[in-house]
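This is what each chain is made of:
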12 protein chains.
Amino acid sequence: MSKSPIKSPLSEADKEITGNALQATLVDLIDLSLIAKQAHWNVVGSNFRSAHLQLDELVNTARQYVDEVAERANAIGVSPNGKAKTVVESSGAPDYPDNWQSVESTVAAIVDILAKLIERLRARIDETDKSDLVTQDLLIEITRALEEAHWMWQAQQA
Amino acid sequence: MSKSPIKSPLSEADKEITGNALQATLVDLIDLSLIAKQAHWNVVGSNFRSAHLQLDELVNTARQYVDEVAERANAIGVSPNGKAKTVVESSGAPDYPDNWQSVESTVAAIVDILAKLIERLRARIDETDKSDLVTQDLLIEITRALEEAHWMWQAQQA
Amino acid sequence: MSKSPIKSPLSEADKEITGNALQATLVDLIDLSLIAKQAHWNVVGSNFRSAHLQLDELVNTARQYVDEVAERANAIGVSPNGKAKTVVESSGAPDYPDNWQSVESTVAAIVDILAKLIERLRARIDETDKSDLVTQDLLIEITRALEEAHWMWQAQQA
Amino acid sequence: MSKSPIKSPLSEADKEITGNALQATLVDLIDLSLIAKQAHWNVVGSNFRSAHLQLDELVNTARQYVDEVAERANAIGVSPNGKAKTVVESSGAPDYPDNWQSVESTVAAIVDILAKLIERLRARIDETDKSDLVTQDLLIEITRALEEAHWMWQAQQA
Amino acid sequence: MSKSPIKSPLSEADKEITGNALQATLVDLIDLSLIAKQAHWNVVGSNFRSAHLQLDELVNTARQYVDEVAERANAIGVSPNGKAKTVVESSGAPDYPDNWQSVESTVAAIVDILAKLIERLRARIDETDKSDLVTQDLLIEITRALEEAHWMWQAQQA
Amino acid sequence: MSKSPIKSPLSEADKEITGNALQATLVDLIDLSLIAKQAHWNVVGSNFRSAHLQLDELVNTARQYVDEVAERANAIGVSPNGKAKTVVESSGAPDYPDNWQSVESTVAAIVDILAKLIERLRARIDETDKSDLVTQDLLIEITRALEEAHWMWQAQQA
Amino acid sequence: MSKSPIKSPLSEADKEITGNALQATLVDLIDLSLIAKQAHWNVVGSNFRSAHLQLDELVNTARQYVDEVAERANAIGVSPNGKAKTVVESSGAPDYPDNWQSVESTVAAIVDILAKLIERLRARIDETDKSDLVTQDLLIEITRALEEAHWMWQAQQA
Amino acid sequence: MSKSPIKSPLSEADKEITGNALQATLVDLIDLSLIAKQAHWNVVGSNFRSAHLQLDELVNTARQYVDEVAERANAIGVSPNGKAKTVVESSGAPDYPDNWQSVESTVAAIVDILAKLIERLRARIDETDKSDLVTQDLLIEITRALEEAHWMWQAQQA
Amino acid sequence: MSKSPIKSPLSEADKEITGNALQATLVDLIDLSLIAKQAHWNVVGSNFRSAHLQLDELVNTARQYVDEVAERANAIGVSPNGKAKTVVESSGAPDYPDNWQSVESTVAAIVDILAKLIERLRARIDETDKSDLVTQDLLIEITRALEEAHWMWQAQQA
Amino acid sequence: MSKSPIKSPLSEADKEITGNALQATLVDLIDLSLIAKQAHWNVVGSNFRSAHLQLDELVNTARQYVDEVAERANAIGVSPNGKAKTVVESSGAPDYPDNWQSVESTVAAIVDILAKLIERLRARIDETDKSDLVTQDLLIEITRALEEAHWMWQAQQA
Amino acid sequence: MSKSPIKSPLSEADKEITGNALQATLVDLIDLSLIAKQAHWNVVGSNFRSAHLQLDELVNTARQYVDEVAERANAIGVSPNGKAKTVVESSGAPDYPDNWQSVESTVAAIVDILAKLIERLRARIDETDKSDLVTQDLLIEITRALEEAHWMWQAQQA
Amino acid sequence: MSKSPIKSPLSEADKEITGNALQATLVDLIDLSLIAKQAHWNVVGSNFRSAHLQLDELVNTARQYVDEVAERANAIGVSPNGKAKTVVESSGAPDYPDNWQSVESTVAAIVDILAKLIERLRARIDETDKSDLVTQDLLIEITRALEEAHWMWQAQQA
C-alpha cells in the first residue's frame, strides 16, 4: 500500500519538503533513544549513577518526540519509517562505542551526539518555514528540549 | 573498557552461555519494540484503531523486558549491546514491510514475528538450565508474556 | 455591557482581525464537539464500539480548545459568543445526519467535517501572521491536533 | 437508518412517552451546558471569579447528565438528537444575553434558567411514572442535582 | 445456623417476597459474571479484541451488583446463597456454548442473555413495589445498568 | 433572616412535610456521627481494634449523608439546623453511655441506635411519598446504607 | 467501666490538670466543627460562595484536631467525652444564630468564636506547662492553626 | 469452533498434559472465588468482621489467578472452560455449608478447602515439570499464594 | 567562571540579543512572583479570599516560567542571574505598596504591573524574531499566559 | 573517620548530652521495629489478624522516627550507630520470646516494651531541656506517638 | 492601611518582639530561596547534577517556611514584607557570587549561608521564649529543617 | 508455643531443609537492611548524596524480601526468628565499620557484603531444588534482585 491512504492538507511540493524533514527527524530521535539506553546500561565509574539516571530521562524525551513526529508525518500523508535498518542507513548521529564506558567518555559522546542532532534540527526549522508552519512549530519544540538537555550534559564538562 | 568491571557470580563457561542467551534476547526484543512501533504508526483499515492500540501494548511489553534483560546481562558481568547496528546484524525477527499496511497483513506479520521469537526463547530456556537458574527464570517469564501476546494476535485470525 | 471592559494589548485593527479569527474558530469547535457527541451516541454496527470511544476523544479535544480560544478572545478584549444560536448561524461544519448511522457513514462524515474545519483554520493562521503571533501560535496548535485526528479517521477508510 | 436497531424493553406506547421525555431533557441540558459556558467566559465585576468557577461546575453537572440521558434513550430504542439545530429549535431555556455581563445579571439569568428547567423536569417525572420507572429514577436524580444548584445560585441573591 | 441472626426491618411476608427477588437476582448476576468471563476468554475473530475488552466491563458490572444484592439480602435478614451448585440449579440465563466462539455468535449470545435477565428483573421491580421500596430502588438501578449494556451489545448487530 | 431567600420548587404544604423529614433526618445523622466517634474513642477489650475501625466507617457514612440532607433542605427552601443544642433537643437516637465501654456493650448500643434510626427513616419514606419524590429517593438511599451497616453490626452478635 | 483501663505516664495530679485541658479542648473543637458546618449551609448573599468554601476548610481543621485531642486524652488514661449533651453543657463557644445569615454576620460570628476559643487555648497552654509537655505541644499546634484561621477571617472585615 | 484457532508452542502430548493441569486449576480457583464470597456474606459472630475482610482478600487472590490460568490455557492453544456447570462437575473443593456460619466453622472450612486445593496444585507442579516449564512456573506462583493464605487461616485456629 | 562553559547553538550576535531578552524576562518574572506573594499575604477586605487564592495562582505561573527562562538562557550559553540585588536593579515592574491593601487597590496594582510586563514581553518577541525562533516561541507562550491573567484581573474592575 | 566532618551548632557539652540522648533513642527504636516485626510474624490465635495488622503499623511508626533521630544526630555532628551489634548491646527494650505467641501474650509483651521505652524517653526530654530545644521537640513528638500506641495496645487488655 | 486590621492575641510588647523575629526570618528565607535557585541554575562540573537537584529541594524547604512565617506574622497582627527591596536591605545571608560556579564553590557558599541563617534563627528562638511560645515552636521547626540541610551540604565537604 | 500451629505442606525432612534455608536468608536480609541504613546515615564526601539515596533503595529491597521470606517460613510451618540477637549470632554478612565513611569505602563494603550474601543464596537455591520448588522460586527472585544491586554498586568501582 505505497500510495497514501491519507489526504494531505499540504500541496505536493510542501508535503515532500515537510515529509523529508519529519522522516529525518524520526530516524535521528529513534537512534538517540537507542544510544541513550546503550549508554544507560554501559556507563561505569565512581559517580556513574547520576549519569545512569539522567540518560534514562534522555531516553524518555527522545521516545516522546519519536511518537509526535511519526504522528505528524501521518497527518500530512507521509508514511513514517522507523525500522532498525532505516535507522542504521540514515541516522545523523555519530557512532557510539561498544562495551562499558567511563562517565567522562559517556558525557563527551552524548554532548557530541546532541550537538550534531541540534544542528540538523535547526536546518530543518529553516526548511519548513515556507512549507508547513505546524511542523515547524513541532521542530522548534524538539529543538528547545534537546538544547536544554545539551546544557545539562555540557555542564558536567565544566 | 572491554574487560568487565563487574565480577560475575558465574563460572567463565556458564557466563558465556548465559551471556549469549541474554544478548540474543536483548536484540530480539529491541527489534520487536521497533517493529511494533512501526506497525502502530502504519496500520490502516476499518478497524485499525484496535490494532493500533494493541500494538502499543506490545511495545510496552517489549521495552519492559529489554531493560530487565540488559540489567541481568550486567549483573553477570556481560556488557549488553543494544545499538541499531547490532540489532540489524543479529535480530532473529523476520523483516517487516515498509509503508502503510492493512489490518490483516499487520496481524499476519506480528503473529509470524512472535512465533519466531518464542521459538528462539524456548531454545534459550533449555540452554540456560545448566548455566544459570536465575536467568532461566527471567526467560521463562518473558516467554509467558510473549505467548500470551501471541494468542491475542492469533485470535484475530480465527 | 457591549463596550469591552478589557484593555487589548493589540491595536484596534489587529484586534478586529484576530477577534474575528478567534470567534469563528470558537463556533467551529463548539459545533465539532456537539457533532462528535451526536455521532458517539448514534453510531451502530459490528465494530461500532471502537468508533464510539474514538468519538469521545474527539469531543474532549474539541472542548479543550473551545476553552482556550474563548479565553484568548477575552485576553485581547473581545467577548466570545458560544451560544447555540450563534453556532447554528455561523458554524462552518457540514451538516451531520439525524438518527443512527453505520460505522462507515459515521467515519465518512467525520472525515469530511474535519477536512473542512482544517481548511478554515489554515486560512486563519495566515490572517493572524501579521495581527497577533500569540493567537497564531494557538491556531497552529489546534490545527496540529485536528490534523492528527484527521489521520486517525482517514486511516479507517483505507 | 431511522428504524431502530435497538429492541426496546418497553411497549410502543411507553417507549414514545419515555422517549419524548428523554429527548426533551437532552436538549434542555445541552443548552444549559452551552449557556453556562457562555456565562463562564463573559461574567465580569468585582467578585466575578467565584461565579466564573461556579459556572464551570454547572457545565460539568449538565454534561454528565447529557450523557446519561442520551444513553438511556438508546437503551429504550430511541435515537437521541443533540445537534445544535435541534437545541435551537426545541430547548426550553430562556435566552441568555450576548456580550459581557455583570455578576448580578449573570446570577439572575442562571437562577431563571434553572427554575424553568426544573419546572419542566418535574412535569416529566409525572409523565414517566406509568411509562418507565427506570427512566423516572434518572429524572429524579437530575432534578435533585439541578435543585441543589438552584439553591447555590439563589443564595447569592439573598 | 439456619435461623436468621439478623433482625429484619420488614414484616415476615414482605421479607419473603423481597428475599426471593434478591436471591433470584443474585444467582442471575453471578451466572452473568461467569458467562461473560467465559466469553471474554473464548471470543476469536478479526475484531475480537473490542469484544474481549467490553466483556470484561460486563464482568465488572455484574460483580459489583452481586455484592450489593447479597448485602441487601443480609440487611433484610435473608442469607444469600451464591454457591456454584445454586447457580446451576436456579439461574435464569440461557446456556452459553463451549469452546471458542466467533465475535458474531458471542454478540448474539450476550444480547439474548441480557434480554432474558432484564425481563426477569422488570418482573421483580413490580413484585417489590409493595414489599420494600429500598430493594426496589436497587433493582431499578441494576436494570438501568443492564439495559444500557444491552444497547451497547445490540448496537453491534445493526 | 428567618424568611427563606430560596424559592421552593414545592407547594407550601409539601415543603413543610418534606422540610420536617429532612430536618429530623439531619439531626439523627449528626447525632449518629458524634456517637460513633465517642464509641470509636472509648471502646476497649481484647478485639477492640476491629470495632474501633468499623466505627470510623460509620462516622464517615453518617457525615456524608449529613451534608446531602442539609443541601437538600436548602434546595427546597428550608434552612437546615445542625447545632449542638438542636441535636440534643430533637435527636431520636437513644443515649450512649459515658466512659470506656467493652466491645460487647458497644456493639449492642450501636445495633439499638441503628434500629431506632432506621425505623424513623422508614416512617419518613412513607411521609414524603406524596410531598416530594426527589427527597424520598434520598431517604431510601440513606436507609439502604444504614440497613447494610445494621447487618454488619448485628452479625457480631450472632 | 469508669475506672481507667489505660495506665497513665503521668502522676495523678498532672493527669487531672492535663485531662481537664484536653476534655475542654475536645468540646470546644467539636462545637466549632458543628458551628462551621451550620454556617457553611446557611450563609447567603452576593459572594456567599467564597465563605461557604472557607467554612468547610474550618470544619476540616476542627475535625482533625478533635481526633488528635481525643487520642491524646486516651494516651494519658482519660476517657474523652464528645457526646452532643456534653458539648451543649461545656463548650466555650458563643452561640451561633439560627436560620440563614448574611456573609457579614457570618464572618463576624466566626471571628468572635475563634477569638474566644484561642483565648481559652492560650490559658490551657499555661496550665499544662508543668503537667505535661507533650500535651502542651499539641495545644500549641492547635493554637497556631486557629490563629492562622483567625487572621483569614478577620482579613475580611478590613 | 472446537478446533483450536491458536497454534500451540508445545507438542501435542505436552499440550494435553499441560492443558489438563490448567483446566483443572481454573475450575478449582473459580470455585474457591465463589466459596470465599459465599463465606464473606454469611459469616457471623463476635469478631466476624476480621474474617469478613480476609475472605474478600481471598476472593481477589483467586480471581487474579483465574484470569492468568485461563490466559495461559489460551496461549498453549487450549480453550478454557469456566462455566458454572463445569465448576460443579469438576471442582476439587469440598462442599461449603449453606446459611450463616460462625467464625469458627468458617475458618475450619476455609482451612480444609485450601489444604485440598494446595495438595492438588502440588501434584500438577510435578506433572508439568516435563511438559511445560512456563506453565509450571505459574502453578508454583499460585501455590505460594495459596500456602501463604493457608498459614493466615490456620493461625486463627492456634 | 565568567567564561561560558556551555557552547551556544547561536552566533555571538544572536546570542547577545537573545540572552538580553531572556535575562530581562527572568528578572521581571522573579519580581512578579515576589510581588504576587506580597499581595497574597497583605490583601484584606470583604471578599479578600478570592483575590488571595488568585494571587497564589499568579505566583505559580510566574515561578514556572522563571525556571523555563533560566534554563533557556543556560541552553544558549548565557548565565542567568536571579539574585535579589539584580531584581531590584533591573526589574521593569512598578513598585508595589507596603502594608495591608484593600482588594480594590490590590487589583489595580496587579493590573498595572501585568500591563507593563506584557508590553515589555511583546517588544522582546519582536527582537528575537531574527535572533532565535526557539526563544521567541517561549516568550510567546509566556505572553499568552500573562495576557490571560491580565484579563482575569481586569474583569474584576468591570 | 571518627572525627566529625559536621560542625555542630551546639557547644561541646550540649552536643555530648544531646548526642547521647539521640543515640540511645535510635537504638531503642530500631529494637522496637525488629521486635514488632517478630511479633507480626509469630502471633497466632482466633483474632490474630487484627494484632498482626496493628503490629505492622507499629513497625512503620518506629521506622519513621528511626530516620528522623539519625538525621538529627548527624545535624548536631554526631555519627548515629544503628548496627545489629549496637542494638543488642545497648537497647533498653525487655527481651521478646522466641516462637509463635498467642494474641494475649503478644499484647502483654508489647505493652511492657512500650512502657519501658516511654519511661526512658521522658527522662531524655528532661535531659535535653537545657542542651537543645530542637532535639527536645523531636523527643516530645516521639513520646506522643508511642504513648498513643501504648493506649491502643492497653485498650485490648481491658 | 498601615494600622493593623488584625487583632493580635499578644500584648503590644510581645507583638513587637515576635513580629520582628518573624519579619527577619521571612527575609532570610526568601533570600535563601532566591540564592538556592541561582545556585541551581549556575552550578557546573563533573557531578553538578546531584547538587543541581539538591538545591531545588532547598528551594522548596525555604519556600514552604516563607509561607508559614508570613501567615504567622499575619496571625499576630503584623504585616509581612517580602518585596525584593526589603530582602536586599535586611537579609542576613552572605552574598552569593555571579556567573557559573564549580560544585565545590557552590557547596562551600551554601554551607556558609546556612550556618549564618541557623545562628540567627537560634538567637530568635531565645528572644521569643518569653514573647510567644507558638511562634517559638515554628522557629524551632525551621531550625531543625535548616540544620538537617546543613548536615547534608557539609557531608559533601568531608 | 514451640510446637508448630501450622500444618506444613512438606514432609518433615523437606521442611527442615527448607526451613533452615529460609531462616538463614531472613537473618542475612535483616542484617543487610540494618547495614544499608547505617551506611545511608554515615556516608560522607563530595558525591555522597548519590550513594545516600542508592542505599535507601537497598534498604527497601532488603525489607521487602524480609517480609516475603518470613511469610514463606510460616507457610511451611516454621516460626521465623528476626530478633536483633538472632541477627548478631547468625548473620553471614561481614562487619560494617563504625563512624562516618567516605563514599569509596562505603561502596567497597557494600560490594563485599552483597557478594557474600549472593554466594550464600546460590548455595541455598541448590539445597532447595529437591526440598521445595516454591521456596526455591522465591530464593531465585531474591538472588536476581541482589545480583542486580551488586552490579550497580560494582559499576561505581570501575
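Residues numbered from 1 in each chain as written. Chains lettered and ligands numbered in written order. Predicted model: local features only at pLDDT ≥ 70, side-chain atom pairs only at ≥ 80, totals over all residues. Heavy atoms only, no water.

> What is the right way to look at the overall build of chain A in this model?
The number of helices and strands found in chain A is 5 helices and 2 strands. Its C-alpha atoms give chain A a radius of gyration of 17 Å, near enough to 15 Å, the size a compact globule of 158 residues would have. Taking the principal axes of the C-alpha coordinates as reference, chain A spans close to 55 × 30 × 20 Å. For chain A, buried positions account for 66% of its 158 residues. Of the contacts formed within chain A by residues at least 6 apart in sequence, a portion of 80% connects residues at least 24 apart. About 5,200 Å² of surface is accessible on chain A, with carbon and sulfur atoms providing 48% of the total. With 15 positive and 24 negative side-chain charges, chain A shows a separation of 5 Å between the mean positions of the two kinds. (Helix = DSSP H or I, 4+ residues; strand = E, 2+ residues; numbered from the N terminus. Rg over C-alpha atoms; globule rule 2.2 N^0.38 Å. Buried < 20%, exposed > 50% of the residue type's maximum accessible area, 1.4 Å probe, protein only. Contact = heavy atoms within 4.5 Å. Areas by Shrake-Rupley, 256 points an atom, 1.4 Å probe, with all protein chains shown as cover. Lys, Arg positive; Asp, Glu negative; His and termini not counted. Charge placed at Lys NZ, Arg CZ, Asp CG, Glu CD.)

> Which parts of the structure should I look at to understand the side chain of A:R72?
Examined against the element boundaries, A:R72 turns out to sit in helix α2 (residues 48–75). Overall, A:R72 belongs to the buried group, its relative accessible area being 3%. There is a polar contact of 2.7 Å between the side chain of A:R72 and the side chain of C:E147. Among residues more than four places away in sequence, those in contact with A:R72 are A:L22, A:D132, A:V134, A:T135, A:L138, C:R122, C:R144 and C:E147. (Polar contact = N/O pair within 3.5 Å; in protein donor to acceptor, adjacent residues only side chain to side chain.)

> Help me understand the interface of chain A and chain I, please; the structure alone is not making it clear to me.
In many reports, interface size means the accessible area that the parts give up when they come together. At the interface, 14 residues of chain A touch 17 residues of chain I. Of the roughly 1,400 Å² buried where chain A meets chain I, counting both sides, 59% is carbon and sulfur surface. Taken together, the links from chain A to chain I amount to 4 salt bridges. Ionic pairing is found between I:R72 and A:E147, a salt bridge with its closest N-O pair at 2.7 Å. Put simply, chain A and chain I have 5 residue pairs in polar contact (both at pLDDT 80 or more) between them. Elements supplying a minimum of two residues to the side of chain A that touches chain I: α4 (103–131) and α5 (133–154) of chain A. At 9 residues, the largest contribution of residues to the side of chain A that touches chain I is made by α5(A). Residues of the side of chain A that touches chain I, tallied by class, amount to 6 nonpolar, 3 polar and 5 charged. (Buried area = accessible area lost by both parts, 1.4 Å probe. Salt bridge = Lys/Arg side-chain N within 4 Å of Asp/Glu carboxyl O. Nonpolar A, V, L, I, M, F, W, Y, C, P; charged D, E, K, R; others polar.)

> Would you mind showing me how to read the relation of the copies chain A and chain I here?
Each of the two chain copies can be brought onto the other by rotation about an axis and movement along it. Between chain A and chain I, the superposition needs a rotation of 120 degrees and an axial shift of 0.0 Å, giving an RMSD of 0.0 Å. The relationship between the two copies is best expressed as a three-fold rotation axis. Within chain A, A:D137 has its C-alpha nearest the rotation axis, a separation of 4.9 Å. Mapped onto chain I, only 7% of the interface residues of chain A are again interface residues, and the two copies thus contact each other with different surfaces. (Least-squares fit on C-alpha atoms with pLDDT ≥ 70 in both.)

> Looking at this model, I keep getting lost on the UniProt feature "domain: Ferritin/DPS" (unreviewed entry) in chain A. Mind explaining?
Annotation from UniProt places "domain: Ferritin/DPS" (unreviewed entry) at residues 20–156 of chain A. Secondary structure across residues 20–156 of chain A divides into 80% helix and 3% strand, with the first and last C-alpha atoms of the span separated by 34 Å. (UniProt positions renumbered as here; feature names shortened; annotations may be inferred.)

> In this structure, what is going on with the packing of helix α5 (residues 133–154) of chain D against helix α5 (residues 133–154) of chain E? I would like to understand it.
The geometry of α5(D) relative to α5(E) is characterised by a closest axis approach of 9 Å and an angle of 100 degrees between their N-to-C directions. Viewed along their axes, α5(D) and α5(E) adopt a mutual orientation that is roughly perpendicular. In this structure, α5(D) contributes D:L133, D:V134, D:D137, D:L138 and D:E141 to the contact, and α5(E) contributes E:Q136, E:D137, E:I140, E:T143 and E:R144. (Axes fitted to C-alpha atoms, helices over the stretch in contact; angles between N-to-C directions. Parallel < 35°, antiparallel > 145°, perpendicular 65-115°, else oblique.)

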